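Residue strings, one per chain:
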Amino acid sequence: MNIWTIYTKAIKRNCASPADASKDLLYWRNNLFAGTIIYLLPFCLIALIPGLYWSLVTGLYIMVFTDLFVVTCMVILAFVPRISIPLRKSIFIICVYLLSCTMLYYVGLSGSGQVYLLGACLFSLLILPSWSAYLSPILNTIVCVFFGLAIPLKILPWPDNLQNAAGTWIAVSSSTVFLSFLLAALIPRLFNGMEETIRKEKQMQLQLSQQQASLRQAVDMLRQKNVELEQFSYAASHDLQEPLRMITSFLTLLESKYGPQIDGKGKQYIYFAVDGAKRMRQMISGLLEFSRAGRDEDLLETLDLDEIINEVRILLRKYIEEKKAIIHTGNLPDVIFAKAPLKQIFLNLIGNALKYSRQDIVPEIRVAVEEIDAFWKFSISDNGIGVPTEYFDTIFIIFKRLHSNEQYSGTGIGLSTCKKIVEQHQGQIWIESEEGKGSFFYFTIPKQFKPQP
Ligand code: ADP
């Protein structure tokens, strides 16, 4: 820390308000006061040496006294602790007026001495509260009238160097008084404007922090509800599996044991019941998968996308061979993500691209990736049956399907699972498609996923 920093810190500590009031108008007035002392004190000390010399040489003894008094007061104001700021300001204003009056007396009642009075008025207006604005113009009037009368009436000795005509004194003094009143009218206006802005800003900040608090509360509640919902759907789908398994196995048992006694219609009914139970099991395990989706975010690792696609190919091998499908993959990068959810997304999207292919057309599927700012954008395109525009959003809703089970088997859970995983990882998923020509499924994931606390 250099000397200047130590010096300014010491003065600010004594003359300015504490920093926590930085949004207060009083703080800025006090800060201005501290700044004034900071710069005025060295100036006074430097000016004191030639000032004292010439004052002594020329016999201006009042000036010598005033200079010494003011400099002593300024040093006390700057460095002596435990004097309240209003008292410091009052002493400062008294000093400034004392200097002004001395200058007025020596330099000229109707000349440059008046400038000191205006200066004193300005200092008071800047550092004192707005309610005291008219104090300085009144003081200026009193000073002008006092000097204007005191010297001709010989209350004060007439200084040698001054030749003051009463007319000039009246003209110049009235301008000083007028200008002082003008300053008193204008400067509080500036400060009031500042105060209004500060007040509005404070109000806005308060509103903002209230809104943020209620938003945080809502998010917490939503998170809690989400966890509860996930736990519920997980428990429900898990517990439903057991009775379902019983229904299927007893129906199968019924058919095998009492097969000969059951007629064709009865067998058909049993078949429908077993088929229904089978589909229900698929839906339940889909639901289980959905409720589990996106829970593995703590297992982030660097993943080789080619490897993931190869694993998906192996899982879908039967399908690919059956349809003689071709899967093109461009240059795929390594990404940092949890393996299971990412594989799940590719499995669902590539699986769908194979399932919803057009008859008699070899399915061609392309997997591509591009970098968009902080995200990876994936696309999985096919030349299948496509999706009508009006269903672009619907297909991502759980259990929503566009076809009957006879046309295309499925549960309507795949895309909603993808959406859930992607959104939990701060990404997006969407479709672009032309009915009868094919579809593009896009999804984004951040390059560096940061799990929410
Ligand atoms: P599922 O395939 O089990 O029905 P999804 O959630 O995976 O469930 O898909 C929802 C619906 O979106 C499907 O029923 C299908 O109508 C449509 N869809 C999904 N992928 C494609 C695709 N590649 N081409 C055409 N339609 C699709």
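Shown above is the structure to which this text applies.
Described in the following lines is the structure provided in the data block. (Residues numbered from 1 in each chain as written. Predicted model: local features only at pLDDT ≥ 70, side-chain atom pairs only at ≥ 80, totals over all residues. Heavy atoms only, no water.)

### Overview of the overall build of the protein
Put simply, the rule reads: Where helices and strands are cited, they refer to DSSP runs of H or I of at least four residues and of E of at least two residues respectively, numbered from the N terminus. Radius of gyration: C-alpha atoms only; globule rule: 2.2 Å multiplied by the number of residues to the exponent 0.38. To sort residues, take the accessible area from a 1.4 Å probe on protein chains only and compare it with the maximum for the residue type: under 20% means buried, over 50% means exposed, and anything in between is partly exposed.
Within the protein one finds 12 helices and 7 strands. In summary, the protein has a C-alpha radius of gyration of 44 Å against a globular reference of 22 Å for 453 residues, an excess of more than 25%. With respect to the principal axes defined by its C-alpha atoms, the protein has extents near 145 × 45 × 40 Å. Burial status across the protein gives 38% buried among its 453 residues.

### As for the pattern of salt bridges
Stated precisely, the cut-off is as follows: For salt bridges, the criterion is a side-chain nitrogen of Lys or Arg within 4 Å of an Asp or Glu carboxyl oxygen.
Summed over all chains, the structure comprises 11 salt bridges. Between E242 and R245 there is a salt bridge whose closest N-O contact spans 2.8 Å. Here R245 and E242 lie together in helix α7 (residues 166-258), a separation of 3 residues that amounts to about one turn. Accessibility expressed as a relative area gives 43% for E242, which makes it partly exposed. What makes R245 partly exposed here is its relative accessible area of 42%. We note a salt bridge from E311 to K343, for which the minimum N-O separation is 3.0 Å. Residue E311 is located in helix α9 (residues 305-315), and its partner K343 is located in helix α11 (residues 339-355); the two are separated by 32 residues in the primary sequence. Within the structure, one salt-bridge network assembled from shared partners comprises E196, R199 and K200.

### Description of the sheet that holds strand β5 (residues 375-382)
The test is simple: Strand pairing is assigned whenever DSSP detects at least two bridges linking the two strands. What counts as an axis is a line fitted to C-alpha atoms, over the stretch in contact for a helix, and the angles between N-to-C directions run from 0 to 180 degrees. Note on contacts: a residue pair is in contact if any heavy atoms of the two residues lie within 4.5 Å.
One open sheet holds the 5 strands; their spatial order is β2-β4-β5-β7-β6, and the pairing between them is mixed. One side of each edge strand has no neighbouring strand; the edge strands of this open sheet are β2 (326-329) and β6 (429-434). Adjacent strand axes in the sheet meet at a mean angle of 15 degrees, parallel and antiparallel pairs treated alike. Of the pairings in the sheet, the one linking β6 to strand β7 (residues 438-446) comprises 6 bridges and is antiparallel in character. What sits directly across from E434, in β7, is G438. Strands in contact with α9 are β2, β4 (364-372) and β5; relative to β2, the strand with the most contacts, it is inclined by about 170 degrees. Its contacts with the sheet put α11 on β2, β4, β5 and β7, and the angle it makes with β7 is roughly 175 degrees.

### Digging into the environment of L139
Here L139 shows up in helix α6 (residues 135-150). For L139, a relative accessible area of 31% gives the class partly exposed. Remark: the alpha-carbon pair of L139 and L117, spanning 22 residues in sequence, is separated by 9.2 Å.

### Topic: the packing of aromatic side chains
Here is the rule we go by: Classification of ring pairs uses Phe, Tyr and Trp, with its six-membered ring standing for Trp, and accepts pairs whose centres are within 6.5 Å; under 30 degrees between planes counts as stacked, over 60 as edge-to-face, and the remaining range as tilted. Our definition puts a charge over a ring when NZ of Lys or CZ of Arg is within 6 Å of the ring centre and also within 35 degrees of the ring normal.
What the rule picks out here adds up to 20 aromatic pairs. Seen in terms of ring centroids, Y7 and F79 are 6.1 Å apart; in terms of plane orientation they differ by 55 degrees. Their pairing is tilted. Within this pair, whereas Y7 is found in helix α1 (residues 3-15), its partner F79 is found in helix α3 (residues 61-79), the two being separated by 72 residues in sequence. On the basis of an interplanar angle of 25 degrees and a centroid distance of 5.4 Å, the ring pair of W430 and Y442 is categorised as stacked. Placement of the pair is W430 in strand β6 and Y442 in strand β7, with a sequence separation of 12 residues. Put simply, the rings of W4, Y7, Y39 and F79 pair up and form one aromatic cluster. The lysine or arginine in question, R29, covers the ring of F191, its NZ or CZ lying 3.8 Å from the ring centre. Over the aromatic face of Y442 sits the side chain of K377, whose NZ or CZ is 4.7 Å from the ring centroid.

Remember that the coordinates give geometry; whether it matters functionally is a separate question.
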